[in-house]
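# Survey of secondary and tertiary structure
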Amino acid sequence: MSDKKDEIGNWPQKDQRFVWHPFTQMKEWERETPTVIVKGEGVRLTDITGKTYLDGTSSLWVNLHGHNHPVLNQALIDQIHDISHSTLLGLANRPSIALAERLIQIAPVSEEAPRRLSKVFYSDNGSTAVEIALKMAFVFWQYQGDVQKKKKTFICFANAYHGDTLGSVSVGGIDLFHQSYRSLLFETIQAPAPTCYRCPVGLEYPSCALACADEVENILQARHETLAGLIIEPLIQAAAGMLTAPPGYLKKIRALCTQYEVLMIADEVATGFGRTGRMFACEHEGVVPDLMALSKGITGGYLPLAATLTTQAVYNAFLGEYADFKTFFHGHSYTGNPLGCAAAIANLEIFEKERTLENLQAKIRFAEKYITPWKNWPHVGEIRQVGFMIAIELVADKKNKTPYPIEQRIGTLVCREARSRGLILRPLVNVIVLMPPLSISMEDLKEMLSITGESIKKVLVRS
Ligand SMILES: *Cc1c(COP(=O)(O)O)cnc(C)c1O
């Protein structure tokens, strides 16, 4: 028998009893009543007690056009009446075909490079999209010839985050997340992170002339014969705390990869689908990678779906007779899921219909103008922004850029404060991250920024 209390009141307790949450210290989780979300409407979330919040993280960087969007809803309803799932192993389906065509149409192009992304391989999350890109790059060289067979390893970057599967952790560089798995991972070569706030080579932009890229060149020069690929988060290392690269860096990396014959993998899982103010971050520097990983925003935040895009050249390497066994031996049960693909097609339709990117530009500028004065606040070390990826790094000592001790949990304190004021945020250690849905109104954006600022001030006065 279930009484009313069981239906409404016990959800938080049942969560604590049965659910193990990601990236969460569960001992701590068990101490406080969890917020149970029951509804989303536009940029607002409602919890089980009826309290509403602004969704300041876009539900962890995935939502673009708001929750409960009529176009996305209808696309899913229509697709459900046709079919919800059928496999891509040995069969095709219309949503996955139509979406692949659309993705290739909107993929980054460059006047310089003859390179073009022309094939789409589906999976269901960002980590697998990366995993697939790594496997494709690795095997590509195995099929080229005896000399190229030595091309087996990858350049990745300090602070990088590419997901949580073992392959994507192998190319990750955030010790806090990745250290405990170290002995399970394959070897990679780590280059310094291209980040200006704490410059890895101790210089200043622009007089540095992109010296951090010279480090990458040194590695390429010395070891290109053993390198299959280089994997990079274009423009901004997101999970690391929104660390931004100097302008021109990405383009230079592209040129180096071409020069040293190493496949460039762009992980646009976080940056893709308008987040940076363009459809893809690579467009800002006219870069076309050899492989591109997409997920997060691909369905407008509705369903898990991912795609790895690559060139005809990479694709062709896998062609052969069946008995050559050059088949790309990889695929998931839900690869090319029709519901996910239908949501992704609707997502792209909304971009056109609502002129999302066009309307976004004024909001990006507004946010920039609003937060720029915060630079002068005590303990605000740096403000970083690429489009609608906004970060405020809090430091214990501004002059020396000394981080707050991690156990002081300054970011968590700010986000807790924000939540009490009706805004959901999630910090990256000492970095306060704002990732509004792209569709947010100017008014809601202003409220979001205002609550963020108030919360920071409140906590910093206390600390
Ligand atoms: C989130 C993220 C991933 C992993 O995506 P999941 O869907 O969480 O597996 C990979 N790369 C980048 C840059 C990301 O931000």
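Residue positions are given per chain, counting from 1 as you read along its sequence in written order. Since the coordinates come from a predicted model, pLDDT governs what is reported: local features require at least 70, and pairs of side-chain atoms require 80 or more to be given and counted, while whole-chain, interface and lining totals use all residues. Working from all heavy atoms in the structure, the side-chain values ignore hydrogens and water.

## Considering the overall build of the protein
Here a helix means four or more residues in a row that DSSP labels H or I, a strand means two or more in a row labelled E, and each is numbered from the N terminus. A count of helical and extended segments in the protein gives 16 helices and 17 strands. Here the C-alpha radius of gyration of the protein, 22 Å, is about what a compact globule of 463 residues would show, namely 23 Å. C-alpha atoms of the protein, sized along the principal axes, occupy 65 × 60 × 45 Å. The rule is simple: take the accessible area with a 1.4 Å probe, protein chains only, and divide by the maximum for that residue type; under 20% is buried, over 50% is exposed, in between is partly exposed. When burial is assessed residue by residue, the protein has 52% of its 463 residues classed as buried. C-alpha atoms define the radius of gyration in this analysis, and the globule rule sets the expected value at 2.2 Å times the number of residues to the power 0.38.

## Concerning the pairing of strand S4 (residues 117–123)
Counted residue by residue, S4 has five buried out of seven residues, so it is predominantly covered. Relative to strand S12 (residues 306–311), S4 runs antiparallel, the two sharing six bridges. Looking across to S12, one finds that Tyr122 is bridged to Ala307. Any two strands with at least two DSSP-identified bridges between them are counted as paired.

## Looking at the site of the ligand
Around the ligand, the surrounding shell consists of Trp61, Asn125, Gly126, Ser127, Tyr161, His162, Gly163, Glu233, Asp267, Val269, Ala270 and Lys296. Take Asn125: an N or O atom from its side chain is 3.3 Å from an oxygen atom of the ligand. Note that an oxygen atom of the ligand is positioned 2.7 Å from one of the side-chain N or O atoms of Lys296. In this text, near means that some heavy atom of the residue lies within 4 Å of the molecule or strand in question. Nitrogen and oxygen atoms within 3.5 Å of one another constitute a polar contact, given that in protein one can donate a hydrogen and the other can accept it, and given that sequence-neighbouring residues count only through two side-chain atoms.

## Considering the sheet that holds strand S5 (residues 153–157)
To summarise the sheet geometry, strands pair through backbone hydrogen bonds and adopt either a parallel or an antiparallel arrangement. Pairing in this open sheet of seven strands is mixed, and the strands run S4-S12-S11-S10-S7-S5-S6 from one edge to the other. Looking at which strands have only one partner, the edges of the open sheet turn out to be S4 and strand S6 (189–191). Here the strands of the sheet are splayed against their neighbours by 20° on average, with no regard to which way each runs. Across three bridges, the pairing between strand S10 (residues 263–267) and strand S11 (residues 291–294) is parallel. Each bridged residue has a counterpart across the sheet, and for Ala266 the counterpart in S11 is Met292. The angle between two axes is taken between their N-to-C directions and runs from 0 to 180 degrees, where each axis is a line fitted to C-alpha atoms and a helix contributes only its stretch in contact.

## Topic: the side chain of Arg384
For Arg384, the position within the fold is in strand S13 (residues 380–386). Only 2.7 Å separates the side chain of Arg384 from the backbone oxygen of Met242, close enough to count as a polar contact. A polar side-chain atom of Arg384 sits 2.9 Å from a polar atom in the side chain of Glu393. With residues up to four places along the chain from it excluded, the contact list for Arg384 reads Tyr197, Gly241, Met242, Leu243, Thr244, Met389, Ile390, Ala391, Glu393 and Val431. Every residue pair with non-hydrogen atoms within 4.5 Å of one another is taken to be in contact.

## A short note on the domain arrangement of the protein
Bear in mind that the domain bounds are from an automatic or database domain assignment. One can read the domain layout of the protein as domain 1 (35–65 + 356–462) and domain 2 (76–353). One C-alpha centre belongs to domain 1, the other to domain 2; they are set 27 Å apart. Every contact between the two is made by 33 residues of domain 1 and, on the other side, 27 residues of domain 2. Note: buried area is the sum, over both parts, of the accessible area (probe 1.4 Å) each one loses when the two are combined. When the two sides are added together, the surface that domain 1 and domain 2 hide from each other amounts to roughly 2600 Å², 65% of it contributed by carbon and sulfur. For the domain 1 face of the interface with domain 2, the top three residues by lost area are Trp61, Val386 and Met389, together amounting to 24%. Throughout this description, the term salt bridge denotes a Lys or Arg side-chain nitrogen within 4 Å of a carboxyl oxygen of Asp or Glu. Counting across the domain 1 and domain 2 interface gives one salt bridge. In this structure, the connection of domain 1 to domain 2 is made through 13 residue pairs in polar contact (both at pLDDT 80 or more). Considering each element in turn, the side of domain 1 that touches domain 2 owes the most residues, five residues, to helix H14 (residues 356–371). Class assignment for the residues of the side of domain 1 that touches domain 2 results in 22 nonpolar, seven polar and four charged. Just so you know the grouping, Ala, Val, Leu, Ile, Met, Phe, Trp, Tyr, Cys and Pro go in nonpolar, Asp, Glu, Lys and Arg go in charged, and all remaining residues, Gly too, go in polar.

## Here's the deal with unusual backbone geometry
Cis geometry is found at the peptide bond from Tyr205 to Pro206, where omega equals 5°. Along the chain, Pro206 turns up in the loop between S6 and helix H10 (211–223). With phi around 50°, Ala209 is a residue other than glycine that occupies positive phi space. Looking at the element boundaries, Ala209 is found in the loop between S6 and H10. One non-glycine residue, Lys401, lies in the positive phi region at around 55°. Within the secondary structure, Lys401 sits in the loop between strand S14 (389–397) and strand S15 (402–403). Classification of Lys401 by relative accessible area gives partly exposed; the value is 31%.

## Some points on the sheet that holds strand S2 (residues 44–47)
Read across the sheet, four strands follow the order S1-S2-S3-S16 without closing on themselves; strand pairing throughout is mixed. Edge positions in the sheet fall to strand S1 (37–41) and strand S16 (423–424), since each has one partner strand and no second. Where S2 lies against strand S3 (residues 52–55), three bridges are found, and the strand directions are antiparallel. When the bridges of S3 are listed, Leu45 appears paired with Tyr53. Contacts from helix H16 (residues 442–462) reach S2, S3 and S16, with the element oriented near 95° to S3.

## A closer look at the packing of aromatic side chains
Only centres within 6.5 Å qualify two rings of Phe, Tyr or Trp (six-membered ring in Trp) as a pair; their planes then separate them into stacked at under 30 degrees, edge-to-face at over 60, and tilted for everything else. Here the structure, examined in full by the defined rule, presents 13 aromatic pairs. An angle of 70° between the planes, with centres 6.4 Å apart, marks the rings of Phe157 and Tyr249 as edge-to-face. Note that Phe157 is positioned in strand S5 and Tyr249 in helix H11 (residues 249–259), a separation of 92 residues in sequence. Note on accessibility: Phe157 and Tyr249 belong to one class, buried. Between Phe366 and Tyr370, the aromatic rings sit 5.9 Å apart at their centres with planes inclined by 45°, giving tilted as the arrangement. Separated by four residues within a single helix, Phe366 and Tyr370 lie in helix H14, roughly one turn from each other. A relative accessible area of 26% means that Tyr370 is categorised as partly exposed. Three or more aromatic residues link up through ring pairs in this structure, and these residues are Phe121, Tyr143, Phe318 and Phe328. Geometry around Tyr315 places Lys119 over its ring, the cationic atom sitting 4.2 Å from the centre. Definition used: whenever NZ (Lys) or CZ (Arg) falls within 6 Å of the ring centre and also within 35 degrees of the ring normal, the charge is taken to sit over that ring. Over the ring of Trp141 we find Lys151, and its NZ or CZ is 4.7 Å from the ring centre.

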